[in-house]
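Structure assessment
The residues making up each chain are set out below.
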Amino acid sequence: MKLCDLHTHSYYSDGSLSPAELVKLAEKAGLSAVALTDHNTSKGLPEFMEAGRNSVIETVAGCEFSTDYEGTELHIVGLFFPENAWNEIEDYVELMSIAKHASNIKLIRALQGAGYDLNYDEVAATTDADEFNRAHIARVLVSKGYFESTADAFDIILKEKHGFYKPPKRLSAIGTIRFIKDFGGVAVLAHPFLNLDCDGLNDFLPIAKEAGLDAIETRYSTFDEETSKKAAELAEKFGLKQSGGSDFHGAAKPDISIGSGRGNLQIPFDFYENLKP
């Protein structure tokens, strides 16, 4: 059975591998197609697609956008971006990147005020991304012995409810879907059920479909069989295609393997073929 993985990250956002290393790892895992979907950046795509030209597997140029819908954070994945759209992605997320930078400065200062020994520059040095995120901060805190794992760091101090982190203003979910479609990409709702329940999805999906949403992820590393079934039923209900991905980050999420997630993930190559424009 031919398989694919349409949701992965490199060190251009918060993964640990280079884009070229991702392609090699996908080959080793026996995948037939893999997408790079770094958070809010296209900067890894030239290296990724070049590696794909020298590979036996299909590579898909993508990006995962952090967006807002009526106060809820939703992630919209764009797939199959043509090369002439890559710089446009950077322009599109520029204002959000500025807001993210300011948010990071405030978070570091808040943590320093609470007695944590870290600074902006040392966290920035842990990534090749233009701007780090909370995952990078968590890793630094773990390396200094404050927490046993990045999950602990989030649960104890880095989630918004703890008062240190104030999220920056995000892109519009509907506007982002339209942006993806304007450049000939395929728009996918990533990991449904993460921040929306069935009622929320039933409200959001018809509006998103009207704006151009093509698909939702029905196969995902944290989904059990029942959750995947519910997602597939929603896709059928609203006339959407199915996508899927591991959300592989390398060392940042050591329990998630490319293509297979936590060991039981299988994303049919048909998903790739049905989504390809």
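The structure contained in this document is the topic of the report that follows. None of these values were measured; they are calculated from a predicted model. (Residues numbered from 1 in each chain as written. Predicted model: local features only at pLDDT ≥ 70, side-chain atom pairs only at ≥ 80, totals over all residues. Heavy atoms only, no water.)

1. Some remarks on the sheet that holds strand E1 (residues 4-5)
Pairing between the strands of a sheet is mediated by backbone hydrogen bonds and can be parallel or antiparallel. Strand order in the open sheet formed by three strands is E1-E2-E3, with parallel pairing between adjacent strands. Among the strands making up the open sheet, the edge pair consists of E1 and strand E3 (58-61). Bridge analysis of strand E2 (residues 33-36) against E3 gives four bridges, and the strand direction is parallel. By the bridge assignment for E3, Val34 is matched with Thr59. Against the sheet, helix H2 (residues 45-53) engages E2 and E3, with an angle of about 160° to E3. (Pairing = 2+ DSSP bridges. Helix = DSSP H or I, 4+ residues; strand = E, 2+ residues; numbered from the N terminus. Contact = heavy atoms within 4.5 Å. Axes fitted to C-alpha atoms, helices over the stretch in contact; angles between N-to-C directions.)

2. Focus on helix H7 (residues 173-182)
Among all positions in H7, only Ala173, Ile174, Thr176, Ile177, Phe179 and Ile180 are buried. Buried residues along H7 sit in contact with strand E4 (63-69), strand E5 (72-79), helix H3 (86-113), strand E6 (171-172), strand E7 (186-189) and helix H8 (198-211). N-cap assignment for H7: the residue whose side-chain oxygen lies 3.4 Å from the backbone N of Ile174 is Ser172. Once H7 finishes, Gly184 follows within two positions and takes phi at roughly 80°, a positive value. (Buried < 20%, exposed > 50% of the residue type's maximum accessible area, 1.4 Å probe, protein only. Polar contact = N/O pair within 3.5 Å; in protein donor to acceptor, adjacent residues only side chain to side chain.)

3. What about the environment of Ala138?
Along the chain, Ala138 falls in helix H5 (residues 134-143). When neighbours within four sequence positions are excluded, Ala138 is seen to be in contact with Thr150, Ala153, Phe154 and Leu158.

4. Some points on the packing of aromatic side chains
Summed over the entire model, instances satisfying the criterion amount to 14 aromatic pairs. Grouped by ring-pair contacts, the aromatic residues Phe65, Phe81, Tyr92, Phe179 and Phe183 constitute a single cluster. The ring of Phe269 has Lys2 sitting right over it, with the charged end atom 4.2 Å from the ring centre. The ring of Tyr165 carries the charged tip of Arg134 above its face, separated from the ring centre by 3.8 Å. (Phe/Tyr/Trp six-rings, centres within 6.5 Å; stacked < 30°, edge-to-face > 60°. Lys NZ or Arg CZ within 6 Å of the ring centre and 35° of its normal.)

5. Focus: the side chain of Ser103
Within the secondary structure layout, Ser103 lies in helix H3. Beyond its immediate sequence surroundings of up to four residues, Ser103 is in contact with Tyr165, Lys166, Pro167 and Pro168.

6. Thoughts on the sheet that holds strand E9 (residues 241-245)
Ordered in space as E6-E4-E5-E7-E8-E9, the six strands form an open sheet in which the pairing is mixed. Strands at the two margins of the open sheet, each flanked by one partner only, are E6 and E9. Of the strand pairs in this sheet, E7 and strand E8 (residues 215-220) are connected by two bridges, and their pairing is parallel. Its bridge partner being in E8, Leu189 is matched across the sheet by Ile216.

7. Regarding the nonpolar core
If you look at the biggest cluster of nonpolar residues, it comprises 49 residues, and the most contacted ones within it are Phe204 and Leu205. Discounting chain neighbours no more than four positions away, the residues touching Leu205 are Leu189, Leu213, Ile216, Leu234, Phe238 and Leu240. Counting 18 residues, the second-largest nonpolar core is a separate cluster that includes Val188, Ala190, Phe269 and Phe271. (Core = buried A, V, L, I, M, F, W, Y, C linked by side-chain atoms within 4.5 Å.)

8. Regarding the pattern of salt bridges
Within the structure shown, the criterion is met by eight salt bridges. Across the pair Glu50 and Arg53 runs a salt bridge, and its minimum N-O distance is 3.0 Å. Separated by three residues within a single helix, Glu50 and Arg53 lie in helix H2, roughly one turn from each other. Residue class for Glu50 comes out partly exposed when judged on its relative accessible area of 40%. Residue class for Arg53 comes out exposed when judged on its relative accessible area of 57%. Its salt-bridge partner being Glu73, residue Arg170 comes within 3.0 Å of it at the nearest N-O pair. (Salt bridge = Lys/Arg side-chain N within 4 Å of Asp/Glu carboxyl O.)

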